[in-house]
Amino acid sequence: MSRRGRYVLILIVGAIVLLSVLGWLVSLRTNYLWYDSVDFTTVFSTMMWTRIGLFGVFTFAMAAWTAVNLYLAWRFRPDTWPATAEQEGLERYRELISPKAGWWIAGVAVVVGIFAGMSAQGRWQTWLLFRSGGDFGWSDPVLGHDAGFYVFRLPFWEFLIGFGFAAVVVGILASLGAYYLYGALRFSGQGERMTNVARIHLSVLVALFLGLKAVAYYFDRFDFTTQQNEVTNIVGGGYTEMTALINAKNALIWVSVIAAVVILVFSWGFTRSLALPGAALGLVVVTAIAAGGIYPAVVRNFQVEPNRPQREGPYAQHTMDGTRFAFDMNNLEQETYSVASSPDAEQLEEDTGTVPYTRLIDPFIVSDTFTQRQQPRSFYDFNDKLDIDRYTYTDDEGEEVTQDFVVGVRELNPSQLTGEQQDWTVRHTVYTHGWGFVAAPTGRNCAGGPYFMNGVMRSGEAEAGQCEATDDFLEVEWPQIYYGLLNNDYAIVGVPEGETPREYDRPADITVSTEDSGDPEAEEIGSDRYTTYQGGGGVEVDTLSRRLLYAWEFQEPRFLLSDRLNEESQLMYNRNVRDRVEAVAPFLTVETDPYPAVVDDEIVWIVDGYTTANNFPYSDRVNLAEATNDTYSGQGVASQAADEVNYMRSSVKAVVNAYDGSVDLYEFDQEDPILGAWNEIYGGDLVIPKEETPAELAEHFRYPQDLFKVQRDILQRYHVEESRTFIEGGEAWATPDDPSQGSSISQPAYYVFAQYPTQEQSYFQLTSTYTPRNRENALASLMTGYYDENGDPQLVIYDVAGGDDQSVGQVHQIITSTTEVAEELRLFQQQGTTVEWGNLLALPVGDGILYMEPMYLRRQSGGEGTTLPLLRRVAVSYGGYVGYAEGFEEAISSVVDQYVSGAPTAVEEIEEEPGEDPGEATGEQDPADEPEDEPTTEAPVEEPPEVAEAIEDVLAAQEAYEEAQSGGSNEEIGRALDDLFAALDNLEAARAAAGDE
């Protein structure tokens, strides 16, 4: 290559390196500015300085070690070397290296050291926990070490051992290469193939490798407590590991030490033969094969397998105990719930703790209704899945009421902006936020949809509909939503004092149920209202240098060119609330479903934060993605990473302000050592002590969903008390599939406000059910998690005994197979109406199980492609009786009337109908069967004249309803819906009169 070519190449490489370093420095600076804006610079600085420190220490250590070995090989090189073809071929390399050997040694050492440092800096969390971790107060029952040794200290020791092995291998390879280059080691020619110095040097390195192997064998023994047991398929060493394998490791320790000593002794010239050192190495290999492979296999196959319960029982019990402790189930309560074969249905009308609070509105289905009815502009949107929370308020009669609500926030969704709204200036400086906290009680059905009691937007005061409250029951000072789940665009806010606001706030021609009292800067321009951000949650970009930084970081020159940036500008980014919590607390696993709440007149997001580990002794592992997957995953609820964990605690309640983005971490589990270690690492004030949690905020804490689903997954096997029963698996449970879905996917757990057996009052609790494994039509138990009056988590399993209660899937099949339901399903199918079933709730009431399932109809809305679900019917099952009506109270009354009159149960009626398959009657398939084709519409049957006329009335009423939906007021929509229901009732009466039923 010519001199000019070399200069060009050097220039290009230098430019690439400079730009890479400059980009890294810019990202470093902008990250610091972001952490400073949320007041968590300690997290950033601790992380960066720790990584820099580890990089420096291990880079220096590896570089120095490599340089020493290379220098020794070069220093003790032979003065002459044989004139062989092999050596002549190496001569040109020696001529290149020898004049600048020191530079070559330093260069190779630095490069190797940098790679080692890059690997080591990624272990910054391991090092910090090693330095600050404490004890768990739970010791492994075999080796006797506290779990803190396994979680905090063992990982770093194993990293150091691995680094040691890497260093020795690098030393051997570097020395071999140097000795070979200078003729101290050769493979041809006469005489000695290796000089004495080379033999001593390499022998010391091999002996050091064997010494490290002995140390590794010592620490390998501890890994038995966290590895998979092949016999029982659970985590934790069993009989084979803790008898045969642990003795094999002890033997290998001594064999490795002896082999290292032999190699050291005989490397110093006592003999030039390699036979004895080779025999020592062979002894290590043979011992590893025999003691570490053959002997354990014999023990497993001839002692353990024929006697699994006896041999593995004590060790399985260790895992049962450790798993319950690690997943916060040590205080699990297991109660027997006796169910009568024919429970008294009149208890439903007498119950005051559960039935009055039964949830009708499904938060997953009604998201479209929230959007359609509370979306004055197309770019407003609600999350695909809304949330459930409870509030205590004073009703119109002056009574204090505690009630469940479906809640959501009206966010701005950037993907819904139109073409001209996608302009950079408009998108990032005008459409910056959403508006309003919207809530509707879960037990109130209004014209087939929710009754909105908070955050209402309507088109004019005169059109206040029957499904909207005039005034909010919650006061909100700042209803603007800058931080949420749907909008992760960056936004530039702030204008100089006296200038016209430019952030779009909300339509001015839309009546709202509350005014944001804290926004004096708002101004109406035409039919829209504009505002200026008054908070301090963004990064200040008020100088040219700041604007230059973010122009580089976001690769956006308009940060420098746009006149929208000024001395008052703030830049908001990382606006997704989960991302913010993960950034300020990188040690937390964040809940997949944050929920909004109004606390102290402010809208906040509450996010559960979990501490996890994967090396807790004698605790079974769970795949987070699999355990938390259900109907909602990926549809309004994020999915967990596919991480394997065997320790999980709900340690932190993170609170993110929806207006200013501030993040507060409230301690929840005061006894979690992992949280305690991280709090100490970050200066002792990272989390706010539990006793300082505001009471109004604590009222909105709820049992965390992801932890509950993980516990639900574990308790399928770990609910039993005896190890023999556990190993045999005869009492294992399964989580039922969601009966409302056509595929095999777990039914979501559901929040209810209810009073369960053994509870003295109603609690807001998270509930699910189990079926016996391989018996999907039966109900095995109910599981519930809640916070008691002291705010302490409680987890209870109610084992269902007696009676003949079916699983939720079986109950759904019974409901849809009853004559009345099946007939209506046929009619809806003929009309081209989609039926959607909501959550099927199973609630213990009296001495029976109350099942409740709402049915939604989804019709075309406004002639466009959007559909709107309407709550059409409610199905209730209790003691085998099925009530099916327009309202929950009517369905309950139907069940009671059937019970009092002694009518046959739904199952008895179905069995009396010969030759009809429930699947044929309902147009549905058994959940266990995979549908192959989409259902087809049945051909209409020739009807009697009066029935045909009734059908025409239904079609006309349906058309009128659709017209009202397209442009009518809420009052007109309600009247049209009532007319449609009346027409359907007339059709049913006509069929009955004609003898069709």
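Residues numbered from 1 in each chain as written. Predicted model: local features only at pLDDT ≥ 70, side-chain atom pairs only at ≥ 80, totals over all residues. Heavy atoms only, no water.

A. Examining the overall build of the protein more closely. Counting its regular elements, the protein contains 28 helices and 35 strands. Relative to all contacts within the protein whose residues are 6 or more apart in sequence, the contacts with residues 24 or more apart total 70%. (Helix = DSSP H or I, 4+ residues; strand = E, 2+ residues; numbered from the N terminus. Contact = heavy atoms within 4.5 Å.)

B. Layout of a nonpolar patch on the surface. Nonpolar side chains collect at one region of the surface, where Leu9, Val13, Val17, Val21, Trp24 and Leu25 lie side by side and expose about 530 Å² of accessible area between them. Its location among the elements puts valine 17 in helix H1 (residues 3-37). Owing to a relative accessible area of 47%, valine 17 belongs among the partly exposed residues under this scheme. (Patch = residues over 30% accessible without salt bridge, like charges linked within 9 Å, V, L, I, M, F, W, Y side chains within 5 Å. Areas by Shrake-Rupley, 256 points an atom, 1.4 Å probe, with all protein chains shown as cover. Salt bridge = Lys/Arg side-chain N within 4 Å of Asp/Glu carboxyl O. Buried < 20%, exposed > 50% of the residue type's maximum accessible area, 1.4 Å probe, protein only.)

C. Region of interest: the sheet that holds strand S9 (residues 437-441). On the basis of which strands lie adjacent, the open sheet formed by 3 strands has the order S5-S6-S9 and antiparallel pairing. Whereas interior strands pair on both sides, the edge strands pair on one side only; in this sheet they are strand S5 (387-394) and S9. In this sheet, adjacent strand axes meet at a mean angle of 45° when their direction is disregarded. Here 8 bridges tie S5 to strand S6 (residues 400-409), and the two strands are oriented antiparallel to one another. Pairing of tyrosine 393 across the sheet is with valine 401, part of S6. (Pairing = 2+ DSSP bridges. Axes fitted to C-alpha atoms, helices over the stretch in contact; angles between N-to-C directions.)

D. Expanded view of the pattern of salt bridges. Under the counting rule described, the total for this entry stands at 25 salt bridges. When the shortest N-O distance is used, the salt bridge between arginine 529 and aspartate 505 registers 2.3 Å. Linking arginine 529 in strand S16 (residues 528-531) with aspartate 505 in strand S13 (residues 503-507), this pair joins segments that are 24 residues apart in sequence. On the basis of relative accessible area, aspartate 505 is assigned to the buried category, the value being 0%. One continuous salt-bridge network, built from bridges that share partners, spans Lys385, Asp387, Asp593 and Arg702.

E. Structural detail: the environment of valine 407. Within the secondary structure layout, valine 407 lies in strand S6. When the C-alpha positions of valine 407 and arginine 390 are compared, they lie 9.3 Å apart, and in sequence the two are 17 residues distant. In this structure, valine 407 is in contact with Leu386, Asp387, Asp389, Tyr391, Phe437, Val438, Ala439 and Pro596, ignoring residues within four places of it in sequence.

F. Structural detail: the environment of glutamate 667. Tracing the backbone through its elements, the reader meets glutamate 667 in strand S25 (residues 663-667). A relative accessible area of 17% means that glutamate 667 is categorised as buried. In this structure the C-alpha to C-alpha distance between glutamate 667 and lysine 653, which are 14 residues apart in sequence, comes to 6.5 Å. Within polar-contact distance, the side chain of glutamate 667 engages the backbone nitrogen of lysine 690 at 3.2 Å. (Polar contact = N/O pair within 3.5 Å; in protein donor to acceptor, adjacent residues only side chain to side chain.)

G. Focus on a negative patch on the surface. A cluster of acidic residues, Asp36, Asp39, Glu497, Glu499, Glu540, Asp542, Glu567 and Glu568, forms a negative patch at the surface. On the secondary structure map, aspartate 36 appears in helix H1. In this structure aspartate 36 comes out as partly exposed when scored by relative accessible area, which is 43%. (Lys, Arg positive; Asp, Glu negative; His and termini not counted. Charge placed at Lys NZ, Arg CZ, Asp CG, Glu CD.)

H. Broad picture of the state of the cysteines. Using the criterion set out here, one finds 1 disulfide in the structure. Paired by a disulfide, cysteine 446 and cysteine 467 hold their sulfur atoms 2.1 Å apart. Measuring handedness by torsion sign, the sulfur bridge of cysteine 446 and cysteine 467 sits at about -90° and is left-handed. Placement of the pair is cysteine 446 in the loop between S9 and strand S10 (457-458) and cysteine 467 in the loop between S10 and strand S11 (480-481), with a sequence separation of 21 residues. (Disulfide = S-S within 2.5 Å.)

I. Main features of the packing of aromatic side chains. One pass over the full model with this rule turns up 67 aromatic pairs. A centroid spacing of 6.2 Å and a plane angle of 75° characterise the contact between tyrosine 150 and phenylalanine 222, whose relative ring orientation is edge-to-face. Remark: phenylalanine 222 occurs in helix H7 (residues 196-223) and tyrosine 150 occurs in helix H6 (residues 147-181); sequence separation between them is 72 residues. Overall, the relative accessible area of 1% leaves tyrosine 150 in the buried class. What links up through ring pairs into an aromatic cluster is the set Phe58, Trp127, Phe130, Phe149, Tyr150, Phe156, Trp157, Phe159, Phe163, Tyr218, Phe219 and Phe222. Its guanidinium or amino end placed over the ring of phenylalanine 76, arginine 75 lies 5.4 Å from that ring's centre, counting from NZ or CZ. (Phe/Tyr/Trp six-rings, centres within 6.5 Å; stacked < 30°, edge-to-face > 60°. Lys NZ or Arg CZ within 6 Å of the ring centre and 35° of its normal.)

J. The pairing of S9, seen in detail. In terms of burial, S9 is largely enclosed, as 5 of its 5 residues are buried. Across 5 bridges, the pairing between S6 and S9 is antiparallel. Bridge pairing links phenylalanine 405 to proline 441 in S9.

K. Just the packing of H1 against helix H14 (residues 544-553), in detail. Orientation of H1 relative to H14, taken along the N-to-C sense of each, is 115°, at an axis distance of 10 Å. Relative to H14, the crossing made by H1 is left-handed. Listed contacts from H14 to Leu19, Leu22, Gly23, Val26, Ser27, Arg29, Thr30, Leu33 and Trp34 of H1 are Arg546, Leu549, Tyr550, Trp552 and Glu553. For the contact of H1 with H14, the residue count by class is 8 nonpolar, 3 polar and 3 charged. (Left-handed = near helix turned anticlockwise from the far one by under 90°. Nonpolar A, V, L, I, M, F, W, Y, C, P; charged D, E, K, R; others polar.)

L. Main features of the sheet that holds strand S15 (residues 523-525). Strand order in this open sheet of 3 strands is S13-S16-S15, and the pairing throughout is antiparallel. Every interior strand has two partners, whereas the edge strands, S13 and S15, have only one. This sheet shows a mean twist of 40° between the axes of neighbouring strands, independent of strand direction. In terms of strand pairing, S13 meets S16 through 4 bridges, oriented antiparallel. For proline 507, the partnering residue across the bridge sits in S16 and is aspartate 528.

M. View of the pairing of strand S27 (residues 750-754). Within S27, 5 of the 5 residues are buried, which leaves the element mostly enclosed by the surrounding structure. The alternating pattern of S27 places Tyr750, Val752 and Ala754 and Tyr751 and Phe753 on opposite faces, both of which are buried. The pairing of S27 with strand S28 (residues 763-772) spans 5 bridges and is classified as antiparallel. The partner of tyrosine 751 across the bridge, within S28, is leucine 766.

N. Summary view of helix H22 (residues 808-817). Most of H22 is tucked away, with 9 of its 10 residues classed as buried. Among all positions in H22, only Val808, Gly809, Val811, His812, Gln813, Ile814, Ile815, Thr816 and Ser817 are buried.

O. Quick look at helix H20 (residues 705-718). Between the first and last C-alpha of H20 there are 19 Å, a value that for 14 residues agrees with the 20 Å anticipated at 1.5 Å per step. The buried fraction of H20 amounts to 12 of the 14 residues, a majority that puts the element mostly inside the structure. Every buried residue of H20 is listed here: Gln705, Asp706, Leu707, Phe708, Lys709, Val710, Gln711, Arg712, Ile714, Leu715, Gln716 and Tyr718. (Expected span 1.5 Å × (residues − 1).)

Interpretation in functional terms is not warranted from these geometric data alone.
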